[in-house]
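# Close look at the chain arrangement
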Amino acid sequence: MHHAEVYISGVRHDWQGRDYRSNRSLNKEWVDITNDSRRGMNLNGWTLSDRDGYTYTFRHVWLEGRGTVRVHTGIGRDTRNDLYQDRRYRVWDLNADTAALRDDRGRLVDSVSWGRRSHRWDMDRRDGAGWHHGDGRYRHGAGEYHHGDYHHGDYRH
């Protein structure tokens, strides 16, 4: 059970194949943001950032109740279900990083960490209230995290 209405429900931080610098490969790197409440949420001004300070700011984004939006690293056309950071380089480090979601006031809503600086190889998940989200699983070397369970391929919570 999660305690935050909006949370990070999935992360893919590893590149796929040899074309890791291509836009196609960059868009295979993503973070899923899920709204677990019944009511829609305005994410305008919210941010998603990594440990190095690279920050994506949500602009004019409405997240439907029980909905998920996938934030891709590369360049693309935003839709209701997919947003693009329009970057030409990787954001999420393979070996160790943290994805942090903050609201429009800068308060931490949720975060997911992986790698050497985590407390263990499982994801270290705490929402803004400090609750630990221990029901997610992370498989070392797979480069992908999903709230609830590990899945191959395209995933929606």
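Here's a quick rundown of the structure. In this text the structure is predicted, and so the values were computed from the model without any measurement. (Residues numbered from 1 in each chain as written. Predicted model: local features only at pLDDT ≥ 70, side-chain atom pairs only at ≥ 80, totals over all residues. Heavy atoms only, no water.)

A word on unusual backbone geometry. Backbone geometry at H60 places phi at a positive 55 degrees, although glycine is not the residue there. Summarising the element assignment, H60 is placed in the loop between β5 (55–57) and β6 (62–63). One non-glycine residue with positive phi stands out, namely R66, at about 60 degrees. Position of R66 among the secondary structure elements: in the loop between β6 and β7 (68–72). (Helix = DSSP H or I, 4+ residues; strand = E, 2+ residues; numbered from the N terminus.)

Our focus in this paragraph is the nonpolar core. The nonpolar side chains of a soluble globular protein tend to be buried with one another. Formed by 23 residues in total, the largest nonpolar core has its most connected members in I8, I33, W46, L48, F58 and L101. Looking at this core, the elements with two or more residues in it are β1 (6–12), β2 (30–35), β7, β9 (96–102) and β10 (108–115). Here I33 is in contact with V6, Y7, I8, S9, F58, L63, G67, T68, V69, V71 and L101, once residues within four sequence places are set aside. (Core = buried A, V, L, I, M, F, W, Y, C linked by side-chain atoms within 4.5 Å. Buried < 20%, exposed > 50% of the residue type's maximum accessible area, 1.4 Å probe, protein only. Contact = heavy atoms within 4.5 Å.)

The next point concerns the pattern of salt bridges. Evaluation of the coordinates by the stated rule reveals six salt bridges. The residue R51 makes a salt bridge to D93 at a minimum N-O spacing of 3.9 Å. Note that R51 is positioned in the loop between β4 (47–49) and β5 and D93 in the loop between β8 (82–84) and β9, a separation of 42 residues in sequence. Residue R51 is classed as partly exposed on the basis of its relative accessible area of 32%. Overall, the relative accessible area of 29% leaves D93 in the partly exposed class. Of the charged contacts in the structure, one is a salt bridge between R107 and D103, with a shortest N-O distance of 3.0 Å. Given a relative accessible area of 48%, R107 falls into the partly exposed group. Taking relative accessible area as the criterion, D103 reaches 9% and is therefore assigned buried. (Salt bridge = Lys/Arg side-chain N within 4 Å of Asp/Glu carboxyl O.)

In short, the description is geometric, and any link to function would need to be established separately.
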